[in-house]
Amino acid sequence: MYLDERRQPGPRRGPLAGVRVADFCWMGVGSVATRLLADFGAEVIKIEDRTRIDTPRKLPLYKNEDARNFGEEVVGADPDKGGLFNNYCRNKLGVTINMRVPEGRRLAERLIAASSVVTENFAPGVMERWGLTYERLRELRPDVVYARMSGYGHSGPNASYRSYGPVVQAVSGLSFISGLPGREPSGWGLSHMDNQAAFYNSAAILMAIRHRMLTGEGTEIDVSAIETGINLLGPVMLEVTVNGRVTRGPRYPAGNRLEHPPAAPHGVYPASGEDRWVAIAVFNDEEWSRFADAIGRPAWTADERFASPQSRWENQDALDEAVATWTSQRDRYEATKLLQEAGVRAGAVQNAQDLNETDPQLAHRGVFFQMDHPVIGEARFEGVPVHFDGMSADNWRSGPLLGEDNEYVFKELLGVADDEFAKLTASGVI
Amino acid sequence: MTEATPYGDLTVVELAGDPAGEALGKLLATMGADVIKVELPEGAPGRHIGPAAAGARDGDPDASLHFWFYNVAKRSMVLDYRTADGMERLRGLLRRADIVITGWRPAEWADLGISPAGLRDGAPGLIVINLSPFGLDGPWADMVSSDLVGLALGGPLNSCGYDDHAIPPIRPGGDQGYQLTASFGHLGILLALIERQRTGRGELIDVAMHDCLSVSAELANPYWFYPRVLVHRQTCRHAQPTPTQPAVFATADDRYVYFALITTERKPWQSLVEWMESLGLAVDLTDSRYDDPGFRQANFAHIQQLVEVFFLLQRADDIYREGQRRGLPVGVLNAPEDLPHDEHLTARNFFVPVDDDAPGGPHLYPGAPIRFSALAVPPLTRAPRLGEHTADILRELT
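All figures in this text were calculated on a predicted structure; none of them were measured in a lab.

Rules used throughout
Residues numbered from 1 in each chain as written. Chains lettered and ligands numbered in written order. Predicted model: local features only at pLDDT ≥ 70, side-chain atom pairs only at ≥ 80, totals over all residues. Helix = DSSP H or I, 4+ residues; strand = E, 2+ residues; numbered from the N terminus. Contact = placed C-beta atoms within 7 Å. Buried ≥ 20, exposed ≤ 12 C-beta atoms within 10 Å, placed from the backbone. Pairing = 2+ DSSP bridges. Axes fitted to C-alpha atoms, helices over the stretch in contact; angles between N-to-C directions. Parallel < 35°, antiparallel > 145°, perpendicular 65-115°, else oblique. Left-handed = near helix turned anticlockwise from the far one by under 90°. Nonpolar A, V, L, I, M, F, W, Y, C, P; charged D, E, K, R; others polar. Right-handed = clockwise from strand over helix to strand, strands pointing away. Expected span 1.5 Å × (residues − 1). Domains from an automatic or database assignment. pLDDT = per-residue confidence, 0-100.

Enquirer: What should I look at first to understand the overall build of chain A in this one?
Expert: A tally of helices and strands in chain A yields 18 helices and 12 strands. The long-range fraction of contacts in chain A, counting pairs at least 24 apart against all pairs at least 6 apart in sequence, stands at 69%.

Enquirer: I keep staring at the overall build of chain B and nothing clicks. Help me out?
Expert: When helices and strands are tallied, chain B shows 14 helices and 15 strands. Principal axes of the C-alpha set define a box for chain B whose edges measure 80 × 50 × 45 Å. Counting only residues that meet the buried cut, chain B has 55% of its 398 residues in that class. When contacts within chain B are restricted to residue pairs at least 6 apart in sequence, long-range pairs at least 24 apart make up 65% of them.

Enquirer: Is there a simple way to think about the sheet that holds strand β6 (residues 160–161) of chain B in this case?
Expert: Where strands meet in a sheet, backbone hydrogen bonds hold them as pairs that are either parallel or antiparallel. Residue and element names in this part refer to chain B. The strand order β6-β8-β9 describes an open sheet built from 3 strands, whose pairing is mixed. Every other strand in the sheet has two partners, leaving β6 and β9 (237–240) as the edge strands with one partner each. Here β6 runs beside strand β8 (residues 232–235); their pairing, made up of 2 bridges, is parallel. Its bridge partner lying in β8, Cys160 is registered against Gln234.

Enquirer: Would you explain unusual backbone geometry in this entry?
Expert: Apart from glycine, the bulk of residues carry a negative phi angle, and the bulk of peptide bonds sit in the trans form. In this structure, Pro261 of chain A follows His260 of chain A across a cis peptide bond, with omega equal to -15°. Following Gly361 of chain B, the chain continues into Pro362 of chain B via a peptide bond in cis, with omega recorded as -5°. Its identity as a non-glycine residue notwithstanding, Asn349 of chain B has a phi of 50°, on the positive side. Within the secondary structure layout, Asn349 of chain B lies in the loop between α13 (343–347) and β13 (351–354).

Enquirer: Please clarify how the environment of Ile36 of chain B should be interpreted in this entry.
Expert: Residue and element names in this part refer to chain B. The residue Ile36 is located in strand β2 (residues 34–39) in this model. Sequence separation between Ile36 and Glu322 is 286 residues; the distance between their C-alpha atoms is 48 Å. Not counting the four nearest positions on each side in its chain, Ile36 is found in contact with Val12, Val13, Glu14, Arg75, Met77, Leu93 and Ile393.

Enquirer: Would you mind showing me how to read the packing of helix α8 (residues 192–215) of chain A against helix α6 (residues 176–199) of chain B here?
Expert: When two helices pack together, their arrangement is given by the angle between the helix axes and by the axis-to-axis distance. Contact geometry of α8 of chain A with α6 of chain B gives a least axis separation of 10 Å together with a crossing angle of 20°. With respect to α6 of chain B, the element α8 of chain A is oriented roughly parallel. Our pair here, α8 of chain A against α6 of chain B, has a crossing hand that is left-handed. Mapping the contact onto sequence places His192, Gln196, Phe199, Ser202, Ala203, Leu206, Met207, Ile209, Arg210 and Met213 of chain A in α8 of chain A and Gln176, Leu180, Ser183, His186, Leu187, Leu190, Leu191, Leu193, Ile194 and Gln197 of chain B in α6 of chain B. Looking at the contact of α8 of chain A with α6 of chain B residue by residue, the classes come out as 12 nonpolar, 7 polar and 1 charged.

Enquirer: Even after reading the chapter, I still don't get the environment of Val330 of chain B, so can you show me in this structure?
Expert: Residue and element names in this part refer to chain B. In this fold, Val330 is placed in the loop between α12 (316–325) and β12 (331–332). For Val330, a count of 28 C-beta atoms within 10 Å puts it in the buried group. Apart from residues no more than four positions distant in its own chain, Val330 is found in contact with Val257, Phe259, Ile319, Tyr320, Gly323 and Gln324.

Enquirer: How should I be thinking about the sheet that holds strand β7 (residues 266–270) of chain A in this particular structure?
Expert: All names here are of chain A. Spatially, the 3 strands line up as an open sheet ordered β7-β8-β9, and their pairing is antiparallel. If you trace the sheet from one side to the other, it starts and ends with β7 and β9 (345–348), each paired once. Adjacent strand axes in the sheet meet at a mean angle of 20° when their direction is disregarded. Of the strand pairs in this sheet, β7 and strand β8 (residues 277–281) are connected by 5 bridges, and their pairing is antiparallel. Residue pairing in the sheet places Gly267 in a bridge with Ile280 of β8. Across the sheet, helix α14 (residues 332–341) is in contact with β8 and β9; its angle to β9 comes to roughly 160°.

Enquirer: Quick question: what am I supposed to make of the pairing of strand β1 (residues 20–23) of chain A here?
Expert: Residue and element names in this part refer to chain A. Where β1 and strand β2 (residues 43–48) come together, 4 bridges link them in parallel fashion. Bridging from a neighbouring strand, Ala22 pairs with Ile45 of β2. With helix α1 (residues 27–39) bridging β1 and the parallel β2, this β-α-β connection has right-handed handedness. In the sheet, β1 pairs with strand β4 (residues 117–120) via 3 bridges, with the strands oriented parallel. Following the sheet pairing, Asp23 is matched in β4 by Thr119.

Enquirer: Honestly, the interface of chain B and chain A in this entry has me stumped. Any pointers?
Expert: Much of the literature gives interface size as the accessible area that the parts lose upon coming together. In this assembly, 128 residues from chain B lie in contact with 131 residues from chain A. The leading source of residues in the side of chain B that touches chain A is α6 of chain B, at 15 residues. Of the residues that constitute the side of chain B that touches chain A, the class distribution is 77 nonpolar, 36 polar and 15 charged. Direction of pairing for strand β12 (residues 387–388) of chain A relative to strand β7 (residues 203–208) of chain B: antiparallel, over a ladder of 2 bridges. Of the residues in β7 of chain B, the one forming a bridge with Phe388 of chain A is Ile205 of chain B.

Enquirer: Could you clarify how one ought to interpret helix α9 (residues 266–278) of chain B in this entry?
Expert: For an α-helix, 3.6 residues make a turn, and residues three or four places apart therefore share a direction. For α9 of chain B, built from 13 residues, the straight-helix expectation of 18 Å at 1.5 Å per residue is met to within 8% by its first-to-last C-alpha distance of 18 Å. With its phi angle positive at about 70°, Gly280 of chain B sits one or two positions after the end of α9 of chain B.

Enquirer: Before we go on, may I ask you to explain the domain arrangement of chain B in this structure?
Expert: We note that the domain assignment places domain 1 (11–216 + 350–397) and domain 2 (245–250 + 256–332) within chain B. If you average the C-alpha positions of domain 1 of chain B and of domain 2 of chain B, the two centres end up 44 Å apart.

Enquirer: So what exactly am I meant to see when it comes to the environment of Thr241 of chain A here?
Expert: Tracing the sequence through the fold places Thr241 of chain A in helix α10 (residues 236–243). Taking the number of C-beta atoms within 10 Å as the measure of exposure, Thr241 of chain A has 25 and is therefore buried. A C-alpha to C-alpha distance of 40 Å links Thr241 of chain A and Asn69 of chain A, two positions 172 residues apart in sequence. Non-local contacts of Thr241 of chain A, meaning those with residues more than four positions away in its chain, are made with Pro340, His363, Leu364 and Tyr365 of chain B.

Enquirer: In this structure, what is going on with α6 of chain B? I would like to understand it.
Expert: For α6 of chain B, with 24 residues, the first-to-last C-alpha span of 34 Å sits near the 34 Å given by 1.5 Å per residue. Backbone geometry just downstream of α6 of chain B places Gly200 of chain B in the positive-phi region, at approximately 75°.

Enquirer: Explain the confidence of the model for chain B here, please?
Expert: In low-pLDDT regions, the fine details of the predicted coordinates are not to be read closely. Summing up the model confidence of chain B, the mean pLDDT is 97 and the portion of residues at 70 or higher is 99%. On the interface metric, ipTM, the complex scores 0.98, and its pTM is 0.98.

Below, the structure written as structure tokens:
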């Protein structure tokens, strides 16, 4: 069944061992949500459509190839060599089902009946079109956990609006609150909400699994990414609703400066080298004194404009300029080390190369790990950054090839007979 | 019958005083856990961070909106666990607790004269979770940090800022480094609770903000893992290996919308041109030459300019609604003050009134982003005053 026996599924280890998930999730946000379940022992069976390949399989992050922006897809590329898919779908099984034909939907129902969790993040209405309502799922599996995640949630006038990370960040306010005053927001250079909405969704699924362990009862779950984003806006949200603050205007947001508490210096300063930066955050007089000592008390540190937290905060333009005269002559790590040794909060702005190749802390903590992949070869992964004294992630296999586990899942788990399997394959149902 | 809440059976002791630990406590409290925030006599550090609720007297520890935001739905107990007597009481509290949230570096644990594992003495089922800047071990374990410094060292900051690289990377708002750490902590607690259900044994969980952020810059690591290239920050859109066109557009009412122009796919392209034509602003885009994706790609800059004008002539909300009606993923850049009036959020009763201590209440707070058919989310209650529940909790202990 598997040419390489290391890819053969076996018993899983971890708190979720024994939980089978029929996983209709796709894109980043959906795949990240179910990845955690797979990492900790759940048998996550990712359901894919051969005629509508999951986007992370197509984004051109290819090993040993030239850099392409993620919009520059390569027509006809091998869906099994997509690095981002591998990153999101490690530890999962992969099957293909064409949900547009009745035989496909019947097969999916058999899989659901043999699972105890069903996950999806399609636009609202897609699962319903396939007849997969919560009511139907309960007929198939009375204690099912049906986890549904979407941008806007499954009710309300905008439920059918389309969204992905950047749209969620815009609509929830997270983009607006990020940037320099008096110019367009700098927002986010990543889909932060693909991560955070995914984690809220993983948490909701785990809450539901725990509830079922305690009571035997399943549930439907509705997680809205935009509502998650609003919960992450921070105290400014209450300034608006409690104090009536209007943030739109020339003085907000504050860039790298802090409004509360009035900390200064608090910024990202140029270090020596091209586009190299070091972040420094000084919160009180004690830290200021240590900072001044650490940089050798140049004359400007005695300037009376910088004598108190309030005056430093009020004179930040001058202060930032002075701090930059010191940082810009130093390597970002040298500045970090010198300030940290004095107990000052400071850190180089690190990129992915720094994190993966030189960061001693991440190496010590074992945050990244490697697994082999039949098409890609050896690949690096982002581990779950949570250390337990009594358990650990069960990283058993890299991401599935398209349809790699069809035979195992359909024949061994669902009991599909050999001739029926052959027919489903030949007719393109799987 | 009262419906169960997700954490209605759990008691949590919160010793952490920074936003990571407090945000984690909030995630548990808003889903029904009894979260006892144990504070030293001077109160948690967040009580002394502004802004204050309007009309509050200077230095009022009960009026910080920063504190309110991170501490809704909890109870507060003053307990000086630096004294022997206080530590004894704390141990009594921990024996009845399911979870304790701490937030100390190794040197701070040593100063307190206790260890994370030691908190489980006499409480084998207790889940101890420590959220700290760099974790409990490793060469950087005792370095100091903040949200900004954490985002810098952890990597996400490298992807955020402006096209103009003379401007430094810009920290996204809202303490996202701390709040992301809280999310990972939440997942750790859930996994430990499920494991405990089977084994009866608690867990010691060590979560570092640095670890969390280092795996949370989305494409930056995969771009290094696979083609081994770095991404570069761009204004309010994805950091990429090479520059792309702007995706944030100014509107007639001095606001912004987010729209990533993609010309390669036929359907969204047609929707966009039909939309522009409906307002007489398609110019030459209806020309049949644009049916060819290659031609569209070759004239991307021209199309981008026309779209800029198209948006600049309309109001942001109109663009958002009409674009979405036509199936295009357009987002309006809402300011926080736009949200409580949003008709979609209102229809979902997302914001909930909370009877807090500020005049003119109740005030609207963000409600739960998770809804269950079989589980209730408890009504949201205000953050506690300093020591508000000390007497109650001491009584419960005896």
